[in-house]
Amino acid sequence: MKKLLFVATASLCATVFGAIESSNVVGYQQVPVTTGFVLFTPTFKQIGVDSMNLSDIKIVKADGSASEVDGSVTAQKMDDTGAYLDSYMYIEGYGWYGAEGGVTIKTGEAICVNNDSGETVYFRVAGQVDLVNKNAVSTGFVLWGNATPVAVNLWDVKIVKADGSASEVDGSVTAQKMDDTGAYLDSYMYIEGYGWYGAEGGVELSPGESCCLNNDSGETVYLKVPSPVSNN
């Protein structure tokens, strides 16, 4: 099995990644996280596992050197009612305080980050690129995002069944991005056979950028993201 190494910052991803063809791509990426509230999903997964551990995400400066973050960046998961759960605080030289026992982030799952450091920081993520790109989304509220190292358009994200066939979703799944105050923005509604109503003009999701989904369909659905490599 051919294995390729991918190393890039978010701004270079599309250029570097466009011509890669492989069934196994590994590497790392530094994803910028601006100040305020940000929804973030890891752009890689642990090798051979469809998840990432929060403790494996490091905060660095733009040049890759150690950050000076000392409790000013926190992360939280969300439950299916939309309520945020335990808060994990990043301390340079230690890691995510409170997450020592292990906090798993499933591929495509996002966390809510509060960056109160006063400047953009960079989340360094390393592992394997997900080439299946089919993320399970349970009922209720779910934080979900672009788990690939390249930008995708929400319009190109399809909702399917577990076997990959067309869904029967008809307005029961909506998506919203969030601003840096934590307020949700425009709502986009998925209609099978049409797409994301309201997102026709294009809604870009940068690598790691995420949104809040409300799955009111009554069952788990699957979001199929375009492959980040050709012929996959």
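All values reported here derive from a predicted model rather than from experimental measurement.

What counts and what doesn't
Residues numbered from 1 in each chain as written. Predicted model: local features only at pLDDT ≥ 70, side-chain atom pairs only at ≥ 80, totals over all residues. Heavy atoms only, no water. Helix = DSSP H or I, 4+ residues; strand = E, 2+ residues; numbered from the N terminus. Buried < 20%, exposed > 50% of the residue type's maximum accessible area, 1.4 Å probe, protein only. Contact = heavy atoms within 4.5 Å. Areas by Shrake-Rupley, 256 points an atom, 1.4 Å probe, with all protein chains shown as cover. Polar contact = N/O pair within 3.5 Å; in protein donor to acceptor, adjacent residues only side chain to side chain. Pairing = 2+ DSSP bridges. Axes fitted to C-alpha atoms, helices over the stretch in contact; angles between N-to-C directions.

## Quick word on the overall build of the protein
A count of helical and extended segments in the protein gives one helix and 21 strands. Buried residues in the protein amount to 45% of all 232 residues. Counting only contacts in the protein whose residues sit at least 6 apart along the sequence, the fraction spanning at least 24 positions is 69%. If you sum the accessible surface of the protein, you get close to 10600 Å²; carbon and sulfur atoms cover 49% of it.

## A look at the environment of Lys134
With respect to the helices and strands, Lys134 occurs in strand S12 (residues 134–137). Lys134 sits 28 residues away from Ala162 along the chain, and the two C-alpha atoms are 8.6 Å apart. In this structure the side chain of Lys134 is engaged in a polar contact, spanning 2.5 Å, whose partner is the backbone oxygen of Ala162.

## A short note on the sheet that holds strand S15 (residues 158–160)
Backbone-to-backbone hydrogen bonds pair the strands of a sheet. The strands run either parallel or antiparallel. Taking strand neighbours across the sheet as the criterion, the three strands line up as S12-S21-S15 in an open arrangement whose pairing is antiparallel. What marks the edges here is a single partner per strand, and that holds for S12 and S15. Neighbouring strand axes in the sheet, compared pairwise and without regard to direction, differ in orientation by 35 degrees on average.

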